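Given next are the chains, with one letter for each unit.
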Amino acid sequence: MDTSKFAIPEIIFGHGAIKHVAQCALRLGARRVLVVSDHGLERAGWVEKLFDILAYDGLEWVYFNDVSQNPRDYQVHNGAEIYLEEKADVVIALGGGSPLDMAKGIATIAGNGGRIDDYEGANRIMRPLPPMIFVPSTAGSGSDISQFCIITDMQRQVKMSIISRSLVPNISIIDPDLLLTKPPELVISSAIDALSHAIESYVSKLASPFTENQALNAIKIIITHLEPAVETRSVHHLEQLSIASTWAGMSFSNASLGAVHALAHSLGGVSDIPHGLVHPILLPAVMRYNMPECLEKMATIGNIILGPCIRSRQDLAAMGIDQLGEFFKSFGVPVHMREIAPDDSKLEHICRMALQDACMLTNPRDADWKDLLGICLEAW
């Protein structure tokens, strides 16, 4: 077996786990923290609850909420300036992937200086980051677990992938109760994002026994629990989605991703398309493209999606991908790129940009921009 590594934060998981955030911050030496969140969490009441928890334990805080759905580079720089001016000592992020990635970007600049595009790519962060505590409010992004940070370079219109062990937060506090205030469409898009993490990391060139089992467990749980979670809002099913998201995060953080995410980053940079909308559109087409290089693994995925059946590996893989497309359709999400993109005039540019994304390095099947264009046209 090739040498592999596996990095995750300390994880505190459970209903009401958010109550531990102040004690965790104090354990990391906090006196004045920077809290990063967004307007949605404010409206849901979770930001105020977090402030109450911090105040009860005597912690001061500075609040930053200038966070777009695709976090911008200039927002990162503004947040880092506030962190330094206010002499904060720990970063606490509350939210989905956008506030969590914003917090990582702020911590990167606070600890290393320069501009956020200086750190695009893998392993370019050389100095320690401030301690980070993340409280995810969705079951999907995995940013509270991962070594990834995605920030939009506004001048180049590129969603930069920044990858470093330094970006794994010190502590992830996962409280499934936060999902109870999420609308169904966000539960669906987040879970499909996590499913994409699991599938892409399972077939990644860097997959190992330490990531494969996590990925398969995540796939099984999402296929089983997403529909009842949306229909019933059951605490049990939502908790299962939180577990699946965490497992998927463990897997992709260490095995990386593939062409789905490379294209999603490029699409988001050029057209500012919400990240979660892209996966049900591109995932089946990318899986079909990759199938010749990882047929055994695609058949394993197909067996999970289809349930027990006696078929050839080829049939299991192909039928599983088809059924996955039907699974997505059942939730009423967009399944064609034409539903979210105004026209196809920028597809060549998007595909050429996607080739530069670090996620392409671990896609199981090599591709050039014309191959990626073929995938996009299949999904159009």
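Criteria and thresholds
Residues numbered from 1 in each chain as written. Predicted model: local features only at pLDDT ≥ 70, side-chain atom pairs only at ≥ 80, totals over all residues. Heavy atoms only, no water. Helix = DSSP H or I, 4+ residues; strand = E, 2+ residues; numbered from the N terminus. Pairing = 2+ DSSP bridges. Axes fitted to C-alpha atoms, helices over the stretch in contact; angles between N-to-C directions. Contact = heavy atoms within 4.5 Å. Salt bridge = Lys/Arg side-chain N within 4 Å of Asp/Glu carboxyl O. Buried < 20%, exposed > 50% of the residue type's maximum accessible area, 1.4 Å probe, protein only. Expected span 1.5 Å × (residues − 1). Bend = angle between axes of the 7 residues up to and from the residue. Phe/Tyr/Trp six-rings, centres within 6.5 Å; stacked < 30°, edge-to-face > 60°.

### Structural notes on unusual backbone geometry
Of note in the backbone geometry, K87 takes a positive phi value of approximately 55° without being a glycine. Inspection of the secondary structure puts K87 in the loop between α4 (73–85) and β4 (90–95). Positive phi outside glycine occurs at Q157, with the angle close to 55°.

### Focus: the sheet that holds strand β3 (residues 60–64)
Spatially, six strands are ordered β1-β9-β6-β4-β2-β3 in an open sheet, and the strand pairing comes out parallel. The open sheet is flanked by β1 (10–13) and β3, the only strands paired with a single partner. Geometrically, the sheet is characterised by an average inter-axis angle of 20° between neighbouring strands, direction not taken into account. Here two bridges tie strand β6 (residues 132–136) to strand β9 (residues 171–174), and the two strands are oriented parallel to one another. Pairing of F134 across the sheet is with S172, part of β9. Each of β2 (32–36), β3 and β4 is contacted by α4, which is oriented at about 160° to β3, the strand it contacts most.

### Comments concerning the pattern of salt bridges
A pair can form between side chains of opposite charge whenever their charged atoms are brought close. Tallied over the full model, the rule gives 13 salt bridges. Residue D322 pairs with R288 through a salt bridge whose shortest N-O separation is 3.0 Å. Of the two residues, D322 is situated in helix α12 (residues 313–329) and R288 in helix α10 (residues 275–290); the sequence distance between them amounts to 34 residues. According to the relative accessible area criterion, D322 is partly exposed, its value standing at 42%. Exposure remark for R288: the relative accessible area of 34% places this residue in the partly exposed category.

### Side note on α10
Turn by turn, an α-helix covers 3.6 residues, leaving residues three or four places apart pointing in a common direction. For α10, with 16 residues, the first-to-last C-alpha span of 21 Å sits near the 22 Å given by 1.5 Å per residue. Approximately 40° is the largest bend angle found in α10, and it occurs at L282, with the proline P284 only one to four residues beyond. For α10, a buried count of 13 out of 16 residues is recorded, marking the element as mostly surrounded by other parts of the structure.

### Some details on the packing of aromatic side chains
Taken as a whole, this structure holds five aromatic pairs when the rule is applied. Look at F327 and F328: their rings are 6.1 Å apart centre to centre, the planes differ by 50°, and that puts the pair in the tilted class. On the accessibility criterion, F327 (12% relative accessible area) is buried. Ring centres of F327 and F331 lie 5.0 Å apart, and the angle between their planes is 85°; on these two criteria the pair is classed as edge-to-face. Residue F327 shares its accessibility class with F331, and that shared class is buried.

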